[in-house]
Amino acid sequence: MCEPQSTMRSLVQFVNNITGVIYLHLMKLPKIYDPKEYEADIYALWEKSKAFAPSGKGKPYSIAVPPPNANGDLHLGHALTLALEDIAIRFHRLRGNRTLLIPGADHAGFETQVVYERRLAQEGKSRFDLTREELYKNIWDFVAENRDNFENQYRRLGASVDWEHYTFTLDSKVIKRAYKTFKKMWDEGLIYRGERLVNFCTHHGTAFADIEVEYKEEQGHLWYIRYPLADGSGEVVVATTRPETMLGDVAVAVHPEDTRYKGFIGKTAKLPLTEREIPIIADDFVDKDFGTGAVKITPAHDQNDFEAGERHDLPKLTVISHEGKITHDAPEPYPGLTVQEARKKVVADLEEQGALVKTENHTHSVGHCYKCDTIIQPLIREQWFIDMEPLAKRAIDSLEAGEIIFYPEAKKKQLITYLKQLRDWNISRQIAWGIPIPAFQNVDDPEDWIYDERVTEEIITRDDKTYHRDPDVFDTWFSSGQWPFATLEYPDDETNAEFYPLSLMETGFDILMPWVSRMIMLGLYVTDQVPFKAVYLHGLILDEHGQKMSKSKGNVTNPLEVVDKYGSDALRMGIISGQSAGNNQPFVLGKVVGARNFANKLWNVSRFVEGIVGENYSPGDPKPETAADHWILTKLQHTTNALAKELEQYRFSEAYERIYHFIWDDLADWYIEASKATPNTDLLAYALESVLTLAHPFAPFVTETIWQALGWREELLITYHWPSSISADKKAAQDFEDIKIIVTEVRYITNVLKEQGRTLYFTDAPLLAENAQLITRLGRLRAVQQIESGKGLHLTQTHHNAWLDIDQATARNYLEELEVKKASQTEVIDRLKSRLGNKSYIDNAPKEIVKQTRSQLKEAEAVLEGINREYNRFSN
RNA sequence: GGGCUCUUAGCUCAGUUGGCUAGAGCGCUUCCUUGACGUGGAAGAGGUCAGAGGUUCAAGUCCUCUAGAGCCCACCA
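Residues numbered from 1 in each chain as written. Chains lettered and ligands numbered in written order. Predicted model: local features only at pLDDT ≥ 70, side-chain atom pairs only at ≥ 80, totals over all residues. Heavy atoms only, no water.

Trainee: Could you clarify how one ought to interpret the pattern of salt bridges in this entry?
Mentor: Side-chain pairing between opposite charges can occur once the charged atoms of the two side chains come close. Applying the stated criterion to the full structure yields 50 salt bridges. Residue Glu 673 pairs with Lys 676 through a salt bridge whose shortest N-O separation is 3.1 Å. With a relative accessible area of 27%, Glu 673 lands in the partly exposed category. Through salt bridges with shared partners, one network takes in Asp 86, Arg 90 and Arg 572. (Salt bridge = Lys/Arg side-chain N within 4 Å of Asp/Glu carboxyl O. Buried < 20%, exposed > 50% of the residue type's maximum accessible area, 1.4 Å probe, protein only.)

Here it is, written out as structure tokens:
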């Protein structure tokens, strides 16, 4: 056995001398493939050879990797994304496409700032101890610490990304792109600054987009509160889940057709706990059947109420601050209390005053911050909004016109449904870690906002007026939503135009709404084209028992640990096997183990072939001679075509299974076994090169390692070409199928009767005569011989007259088997007969199908005849 | 309230436009150290495709309903 150390050295030497000599041979390597020995060197070899850069004259094929958070470690979801994308890229590269896989990393504004704040907290500091500039710089350094780590993780996963195109979402090209788009929207009136209700996290001190709020069903209460009419003529009872907001009430609304309240409309109610009087208005948004049919209106703290307030021109009285405390606009003694405290006190005070009618249990859904779980407060705040209607409409039209293919298709419908009810997008965030919004406000005229890119300055002057920079940054999705073209610097620069639109966008379905939808809208808006031709959405990766992976459950699998233990190829194949678009999938280690074994199988197939062709082999002209040769070529051709078709349609799992079974079942178990009888050197080599190529997208490391160790060609496998076919004789290939049937039956019989090592006799069968040696070997027989006549146990699955030299007494034990076979065969025949006896089947089914049924019947009858003949021989 | 998905062998899952005598991996049973591989080889067992209707010559595949599991969206005071 070869020393691992020297193996390693050889490959390193190879890396350093790409056009040089091969220093190692497979047969001198260990019997077991050890990925750790080769993976890093192989990746380095690819990088050094610039194999990832687009090359050739084929059609462009491009993918941009969804940028993972720059400060985090890759998880299994990333491993899946990279696996699927890299398979698609490597496949197209081998097919001669100009391929480009763009790597990147996301600054993940809010996410990253939260992580950094946690670190600050450990040092006993808070972000408010730092200026925005300091905070930005510190986080920049913090993220930079992890950058190498992160890039190396891509390498370990074997992603053939073009590092020349590496993009960070805070790179100047991305910022420039974001500004340009913002400016275009600004000029076209799509950007507006509005005092709107925003989803505000009082803990993190920033607003969120609607899509970022996490709603949860919660057990709460419904409080019924009595508001007496100002004229003393009665009272109106309102129901609310948030009694503290009554401090900010500016009206009570009832449904205009609600007979109970007909006389109330236009009157005034006294607001308990305050000195204020508020009008009773009519609005048909009120649900007559909910609560009392009368609803308190708090425009500053409720979306519905805000809209009602706009309709009725009501004031917006803010009683909850950005810190989540009651403001001084509320009467004493409430200011300064937290929302929770105020709720308690308000309820207690109302009860004391006799204004509380009753309290009911009530389940409703409450918005939470997805990071810290704080209840989101709807608060009024001036923010930048994008008018989404024209963008959404364009996207809907494009989707309905089928300009993007979705895998799975159902997700498209979901996306259209989402786009149809989309509201304006709040793109301002009150954090430091992000792209500053290039807008400045006139210090003397708050209404005067200008667009200006001098964001490094806090104060600027223009036209003798002084402007102050908006301290906010863009929502991360605003810039990452432009990823497909920002990474390519398209359309500003035509250099990479050929790669746009991208061929594929592969990502998790959980970001269909926040990310994919925005890429489509912004892509159409900026480039006038869809940003990608296809979307493939994978589901969540769950643990082995179908549970969501989470740190708190302790069931998280680290992909790099799996790579360490089983190899990068094994992780890749294990994670895509049995995977289908749009469905969640458990991570099953068994599949990784199976894939590891497959890599090892490939390794040993190669060792065998090298042993046959010898160490200094160079590929010759493969010519099929035996039936097995013709058969494997036919199979290879079929596999090659089918695999290409499946990969073109992104049927990854099926494609993997196909190459797996071709290599394992057809090549290793049949062809190589047959080769041991009559080896065809050049054809074995050709078959090996072909399967290494076909398997390369799925198992890049082991295939390239073998390729390099074989050293038959100067090219790298990664940039080699997809196999072209060699013509084979169909009749000869069919002969091998017949041999397989004979061998399989021989094995079955000898297994059942425990009679290995018998002789197979036959009369007048050239196929058996010509392949006697092969059948002897494969069937584990003593011999295959032609004679005039004789006694024994006859084969029933072939039309050749052949029998095993098994004595009558032993052979009788096989009767039972024959009976079972007879019964099942009869069943098959009955089914086929009744189908063919059905007139409407003959009339309606396609001719080919009917023809197929006829030949199936004919075959089945022949087999049954054989079984019957043999059965009768024994029962007589 | 609206929309979507899933239910196929003991386990985890595949199954393009309906043509199947329903597949894979793992697990299970029996046998085999044949000079590529025991991370191997050979032969097996195991499912009325959740249930009920319907369309069709033909349904795991299309339609309707029922039951169970799950996801997404929404202005549920």
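So, next bit.
Trainee: Just to check I follow, could you spell out the sheet that holds strand β28 (residues 783–786) for this structure?
Mentor: Backbone-to-backbone hydrogen bonds pair the strands of a sheet. The strands run either parallel or antiparallel. If you trace the 4 strands from one edge of the open sheet to the other, you get β28-β27-β30-β29, paired in mixed fashion. Whereas interior strands pair on both sides, the edge strands pair on one side only; in this sheet they are β28 and β29 (793–794). Relative to strand β30 (residues 802–804), strand β27 (residues 759–762) runs antiparallel, the two being bridged by 3 bridges. Each residue of the ladder has a partner; that of Phe 762, found in β30, is Ala 802. Contacting β27, β29 and β30, helix α21 (residues 730–753) runs over the sheet at an angle of about 25° to β30. (Pairing = 2+ DSSP bridges. Helix = DSSP H or I, 4+ residues; strand = E, 2+ residues; numbered from the N terminus. Contact = heavy atoms within 4.5 Å. Axes fitted to C-alpha atoms, helices over the stretch in contact; angles between N-to-C directions.)

Trainee: Would you take a moment to explain the packing of helix α3 (residues 76–94) against helix α15 (residues 568–576) for this structure?
Mentor: Two quantities define a packed helix pair, namely the angle between the helix axes and the distance between the axes. Relative orientation of the contacting elements α3 and α15 amounts to 95°, with a least axis distance of 9 Å. In terms of orientation, α3 and α15 fall into the roughly perpendicular class. Touching Leu 76, Ala 79, Leu 80, Ala 83, Leu 84, Asp 86, Ile 87 and Arg 90 of α3 are Leu 571, Arg 572, Ile 575 and Ile 576, all from α15. Partitioned by chemical class, the residues of the contact of α3 with α15 number 9 nonpolar, no polar and 3 charged. (Parallel < 35°, antiparallel > 145°, perpendicular 65-115°, else oblique. Nonpolar A, V, L, I, M, F, W, Y, C, P; charged D, E, K, R; others polar.)

Trainee: Would you explain the sheet that holds strand β9 (residues 251–254) in this entry?
Mentor: An order of β10-β11-β9-β12 is seen for the 4 strands of this open sheet, with the pairing classed as mixed. Edge strands, defined here as strands with exactly one partner in the open sheet, are β10 (268–270) and β12 (294–297). Neighbour-to-neighbour, the strand axes of this sheet turn through a mean angle of 30°, independent of strand direction.

Trainee: Any chance you could explain the side chain of Ser 398 here in plain terms?
Mentor: Mapped onto the secondary structure, Ser 398 falls in helix α9 (residues 389–400). Within polar-contact distance, the side chain of Ser 398 engages the side chain of Glu 403 at 3.0 Å. If near-sequence neighbours (up to four positions away) are discounted, Ser 398 is found in contact with Glu 403, Leu 524 and Val 530. (Polar contact = N/O pair within 3.5 Å; in protein donor to acceptor, adjacent residues only side chain to side chain.)

Trainee: In this structure, what is going on with the protein's contact with RNA strand B? I would like to understand it.
Mentor: Near RNA strand B you find 61 residues, and of these Asn 304, Gln 414, Pro 586, Asn 604 and Trp 664 are the closest. A breakdown of the atoms of RNA strand B within 4 Å of the protein gives sugar and phosphate a share of 67%. With respect to RNA strand B, the side chain of Thr 240 contributes an N or O atom lying 3.3 Å from a sugar or linking oxygen. In the environment of RNA strand B, a sugar or linking oxygen lies 3.4 Å from a nitrogen or oxygen atom belonging to the side chain of Arg 747. Sort the elements by how many residues they give to the surface near RNA strand B and helix α18 (residues 652–675) lands first, with 9 residues. Class assignment of the residues belonging to the surface near RNA strand B gives a composition of 23 nonpolar, 19 polar and 19 charged. (Near = heavy atom within 4 Å.)

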